[in-house]
Amino acid sequence: MLAYEVNFDALIGPTHNYAGLSFGNLASERNRGSVSSPKAAALQGLAKMKRLHGLGVKQGVLPPQPRPVFSFLRQMGFGGSAEEIIAQAAANPRLLANAYSASAMWAANAATVSPSADTRDGRVHFTPANLATHLHRSLEPACTALVLQQIFPDTKRFVHHAPLPGHAFFGDEGAANHMRFAPAHGEPGVEMLIYGRMAEGGALPALYPARQTREACQAIVRKHRLDPDRVLLVQQNPSVVDQGVFHNDVISVANEMTFLYHEDAFVDTPAVVARLEQMLGGKLQRLCVKREQVSVQEAVASYLFNSQLVSLPRGGMAVIAPLECRLRSAVKAYLDALPAADDNPVTAVHYFDVRESMQNGGGPACLRLRVVLAESELAAVHPQVLFDEQLYARLEQWVHRHYRDALYPQDLADPALAKESRAALEALEEILRLKILTG
Ligand code: SUG
């Protein structure tokens, strides 16, 4: 069946800031308290969508979420008008920063998605991630669910599950810990779900949190009605988590039958790859990066594996890499050699400036949610979120009108920011014809 991978990138929200909220994410910790530029961030994200669209890759847009989350601040005991709530919460800057995080920009963590070719009922299944490990991220799933249901409304074709219970037992980080292997997007595939720990017992990283549990992966396999014989549950290597690999998409990426991964990515990587090869009938194209080529530390610093690997309409694949990969000689040498080698389908490497997001630990692949859709499913998508030059022009204008050039940590206490952010989302509701603001 003919199907497309549509990359839905989240628009980076008007409150994008560096609050150092993600323990275990080295960039987030390092840049805590830095000045951000929401405008530059959003324009970088839009430029990425435009270039991918130009390459012939199907592209969609997800809206930012309303921030601050007033329902959360009320739950914390703050009350009164919006201004009064912010004034009270400003006495507790950590709480306010959690309420203000624009972290929904990392759409790879929005949900896990299984294409209809893999599911028993022949529908596309979505489970919004509970993001239970970090407070600021745990505020995302309700709005994510609301948005996905509007974008994929046809219940004959799309199934929307509730997020898993928001408890550490079921820590779920969505598509960042999910990969799919298939000869072509529309063919039945093998889905690999990657966890960092078991809910109870088992190996754990020593320093940093392992965010996803095996139990969460198992629940998703059941809910999405996947064939257990075509599913692989794999544990991340705890020692790479301790080096800053907080999601699988920081250490491996797959597209169709091509698998780019670091040799230290998993617990017993050779066994994982051998099992995968067997399930795929020996057709896997392995791009294994050795320690001697690129160390885990360099992989984390450059975000090599957070590149998008996309199929091009005229054949071949492109690597959509962050600019930072060009600055590290070992990583650059690896990528320079890739299109020339004849053992893989990569025909081009494109570099992207997404520095505002990178400084919070989010590269090109973090910014997008992949949704494989058959032609009839694509035709059933809420059309206003599908990217084209016209939408780009409107969104660029919208960013210039509503976004600040610079955001200082103390600006979160400025009630004008909340007003501006709400006005921006009201205008976006019109452009995308989506309901984003509730209450
Ligand atoms: O969850 N950073 C995000 C980055 C997510 C990257 N996504 C993928 N790898 N798919 C996180 O750690 C930082 C926010 C702050 O510190 O202000 C943050 O949430």
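For the structure, check the block above.
Structure report, in brief. Just so it is clear, the model here is predicted, and its values are computed rather than measured.

1. Considering the pairing of strand β14 (residues 346-352)
Phase 1 of the analysis: Of all seven residues making up β14, five are buried, and the element is well covered by its neighbours.
Phase 2 of the analysis: Bridge count between strand β13 (residues 317-322) and β14: six bridges; the pairing is parallel. Counted as the bridge partner of A318 is A348 from β14.
Phase 3 of the analysis: Taken together, β13, helix α12 (residues 329-337) and β14 form a β-α-β motif whose crossover is right-handed.

2. Considerations on the site of the ligand
Phase 1 of the analysis: Neighbouring the ligand are 20 residues; L21, S28, H136, D249 and C366 lie closest to it.
Phase 2 of the analysis: At 3.0 Å, a side-chain N or O of N109 approaches a nitrogen atom of the ligand.
Phase 3 of the analysis: Here an oxygen atom of the ligand sits 2.9 Å away from a polar atom, N or O, in the side chain of R211.
Phase 4 of the analysis: Starting from 490 Å² of accessible surface for the ligand in isolation, the protein chains cover 100%.
Phase 5 of the analysis: Comparing atom positions with the cavity grids shows the ligand to sit within the second largest cavity.

3. Looking at the pattern of salt bridges
Phase 1 of the analysis: Taken as a whole and assessed by the stated rule, the structure comprises 20 salt bridges.
Phase 2 of the analysis: Residues joined by salt bridges that share partners form a network here, namely R404, D411, D414 and E420.

4. Concerning the nonpolar core
Phase 1 of the analysis: The biggest cluster of nonpolar side chains holds 80 residues, and the ones touching the most others in it are F8, F152, M192 and F259.
Phase 2 of the analysis: Setting aside its immediate chain neighbours within four residues, F152 contacts F8, F126, F158, H160, V371, L373 and V381.

5. Details of the environment of A89
Phase 1 of the analysis: Looking at where A89 falls in the secondary structure, it is placed in helix α4 (residues 82-89).
Phase 2 of the analysis: Along the chain, A89 and G20 lie 69 residues apart, while their C-alpha atoms are 18 Å from each other.
Phase 3 of the analysis: Other than its neighbours up to four places away in sequence, A89 contacts L73, F78 and L96.

6. Quick notes on the packing of helix α15 (residues 389-402) against helix α16 (residues 415-432)
Phase 1 of the analysis: In contact at an axis separation of 10 Å, α15 and α16 are set at 170 degrees when each is read in the N-to-C sense. In terms of orientation, α15 lies roughly antiparallel with respect to α16. In this structure, α15 meets α16 at a crossing whose hand is right-handed. Along its contact with α15, which presents L391, R394, L395, W398 and H402, the element α16 presents A423, A424, A427, L428, I431 and L432.

7. Some remarks on the sheet that holds β13
For sheets, the rule is that strands pair by backbone hydrogen bonds, running either parallel or antiparallel.
Phase 1 of the analysis: One open sheet accounts for three strands, arranged β12-β13-β14; its pairing is mixed. In the strand order of this sheet, the two ends are held by β12 (308-311) and β14, each with one partner. Looking at each pair of strands side by side, their axes are set apart by 25 degrees on average, direction ignored.

8. With respect to the packing of aromatic side chains
Phase 1 of the analysis: Using the criterion set out here, one finds 11 aromatic pairs in the structure.
Phase 2 of the analysis: Here F8 and F152 contribute two aromatic rings whose centre-to-centre distance is 5.4 Å and whose plane-to-plane angle is 70 degrees, an arrangement assigned as edge-to-face. Of this pair, F8 sits in strand β1 (residues 3-10) while F152 sits in the loop between α7 (141-151) and β5 (158-160), and the two are 144 residues apart along the sequence. Considered together, F8 and F152 belong to a single accessibility category, that of buried residues.
Phase 3 of the analysis: With a centroid separation of 6.2 Å and 65 degrees between ring planes, the pair formed by F126 and F158 is classed as edge-to-face. A residue pair is termed long-range when its members are at least 10 positions apart, and F126 in strand β4 (residues 124-128) and F158 in strand β5 qualify at 32 residues.
Phase 4 of the analysis: A residue is classified by how much of its surface remains accessible, and F158, at 2% relative accessible area, is buried.
Phase 5 of the analysis: Taken together, F8, F126, F152 and F158 form an aromatic cluster joined through their ring pairs.

Procedures and definitions
Residues numbered from 1 in each chain as written. Predicted model: local features only at pLDDT ≥ 70, side-chain atom pairs only at ≥ 80, totals over all residues. Heavy atoms only, no water. Buried < 20%, exposed > 50% of the residue type's maximum accessible area, 1.4 Å probe, protein only. Helix = DSSP H or I, 4+ residues; strand = E, 2+ residues; numbered from the N terminus. Pairing = 2+ DSSP bridges. Right-handed = clockwise from strand over helix to strand, strands pointing away. Near = heavy atom within 4 Å. Polar contact = N/O pair within 3.5 Å; in protein donor to acceptor, adjacent residues only side chain to side chain. Areas by Shrake-Rupley, 256 points an atom, 1.4 Å probe, with all protein chains shown as cover. 1 Å grid on protein atoms, 1.4 Å probe; cavity = no way out; pocket = protein on both sides within 12 Å on 5 of 7 lines; lining within 4 Å. Sits in = over half its atoms within 2 Å of the grid points. Salt bridge = Lys/Arg side-chain N within 4 Å of Asp/Glu carboxyl O. Core = buried A, V, L, I, M, F, W, Y, C linked by side-chain atoms within 4.5 Å. Contact = heavy atoms within 4.5 Å. Axes fitted to C-alpha atoms, helices over the stretch in contact; angles between N-to-C directions. Parallel < 35°, antiparallel > 145°, perpendicular 65-115°, else oblique. Left-handed = near helix turned anticlockwise from the far one by under 90°. Phe/Tyr/Trp six-rings, centres within 6.5 Å; stacked < 30°, edge-to-face > 60°.

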